[in-house]
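For reference, the chains in residue letters:
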Amino acid sequence: MLSDEDIKIIDEIYEEGYLIAQYGVYVKKKYKERVFKIPVDAGFGCPNKKTGGCIFCPDMGRPISVKYCDVQLSLKDQIEKQIEIQKNKGIKKFYVYFYPGTNTYAPIEKLKEIWDFSLSYKEVIGLSIGTRPDCLEEEKLDILEGYVKKGYDIWIDLGVQTMHQKTLKILNRGHNVSDTITAIQNCHEKGIKVCGHIILGLPNETWDDMMETAKILSSLKIDAVKIYPLVVIKGTKLEKMYWRGEYRTFDEKQYISLVCDFLEHLSPYVLIQRLSKDKVPEGIKISPEWYLGRLKIMNKVYEELKRRGSRQGNIYL
């Protein structure tokens, strides 16, 4: 969970006029300089492949367009090439972000080996590990807790998507809401921070359902969220639903409004890492047609919050 120092930093962010608890601002205040997340692909699979995968996932894997986040390169090359590039931009501190796949879905010996290696670089201050709620067994968290005790900043990027069981079933996620709750609680007990990935506009979810997800995550004191629109990608089950007329994405104005609603219902002490996604290659994107770039969406969300005279946590409080 966020420390008292972290809460103080978030209060400072709002005092300076920010309308949301922007993660980038928080990190710069915390470390007194910019910090870069190095995305790496360590070749992890996904246990959900056994049941067909999530309906929105192409070939049961996410497309990555970051040049050096490439499983064909060694982990050493991925880390060192990106450190070199970012150091030339003046950045001196880094997280290693295990991004594609379920990055705790491996024997514990392998996990410890790659985590130890990643933290062996003096410039690396912590890890961000993308995974599923049902792949965080206690012995894996025990290893991560050991890093926390050594002073590293350890984050779990958790594929939450929604806090509604009916939706998880439609998505064929293969885990339960109870798994998500347990994962967040277990991480917090060991000093591990959690960033929940949330998708707005999931099939059959109502406005009330999405606002309830914000409230539940707030009550669990989740540390951060990344919010995404649902994107229809070629080669997915969702694409078939789309062409059959069983699902439609939001237009940009609808999505901006929905993000603002979600932020208003979210605790002001949840860090916001993303409000959209900008790494979906246009050649495979079916819908939505509007540009998903996160900076553009962030600006439009700010415009809407200003128009409302509102901010993150306005209704939650």
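Structural data are supplied above this passage.
Conventions adopted
- Residues numbered from 1 in each chain as written.
- Predicted model: local features only at pLDDT ≥ 70, side-chain atom pairs only at ≥ 80, totals over all residues.
- Heavy atoms only, no water.
- Phe/Tyr/Trp six-rings, centres within 6.5 Å; stacked < 30°, edge-to-face > 60°.
- Buried < 20%, exposed > 50% of the residue type's maximum accessible area, 1.4 Å probe, protein only.
- Lys NZ or Arg CZ within 6 Å of the ring centre and 35° of its normal.
- Core = buried A, V, L, I, M, F, W, Y, C linked by side-chain atoms within 4.5 Å.
- Contact = heavy atoms within 4.5 Å.
- Pairing = 2+ DSSP bridges.
- Helix = DSSP H or I, 4+ residues; strand = E, 2+ residues; numbered from the N terminus.
- Axes fitted to C-alpha atoms, helices over the stretch in contact; angles between N-to-C directions.

Student: Describe the packing of aromatic side chains, listing the residues and the values that go with them.
Tutor: For the coordinates displayed, the defined rule picks out 7 aromatic pairs. Relative to tyrosine 99, the ring of tyrosine 97 lies with its centre 5.4 Å away and its plane at 40°, an arrangement referred to as tilted. By relative accessible area, tyrosine 97 is classed as buried at 8%. Taking the relative accessible area as the measure of exposure, tyrosine 99 reaches 21% and is therefore partly exposed. Each residue in the set Tyr23, Tyr26 and Trp155 is aromatic and connected to the rest through ring pairs, giving one cluster. Lying across the ring of phenylalanine 44, lysine 110 places its NZ or CZ 5.0 Å from the centre. If you follow arginine 248 out to its NZ or CZ, it ends over the ring of tyrosine 242, 4.5 Å from the centre.

Student: Help me get a handle on the nonpolar core, residues and values and all.
Tutor: If you look at the biggest cluster of nonpolar residues, it comprises 69 residues, and the most contacted ones within it are Trp115 and Leu275. Once residues within four sequence positions are removed from consideration, tryptophan 115 is found in contact with Phe98, Asn103, Thr104, Leu127, Ile129, Lys140, Ile143, Leu144 and Tyr147. If you look at the next biggest cluster of nonpolar residues, it comprises 18 residues, including Ile13, Tyr23, Tyr26 and Tyr95.

Student: Account for the sheet that holds strand β2 (residues 93-98), with residues named and values stated.
Tutor: As summarised here, the arrangement of the 7 strands in space is β1-β2-β3-β4-β5-β6-β8, forming an open sheet in which the pairing is parallel. Every other strand in the sheet has two partners, leaving β1 (35-40) and β8 (271-274) as the edge strands with one partner each. Pairs of neighbouring strands in the sheet enclose a mean axial angle of 25°, with direction left out of account. Examined bridge by bridge, strand β5 (residues 193-200) and strand β6 (residues 224-229) share 6 bridges and lie parallel to one another. Directly across from leucine 200, in β6, lies its bridge partner proline 229. Of the strands in this sheet, β5, β6 and β8 touch helix α10 (residues 252-265), which is tilted by about 160° from β6.

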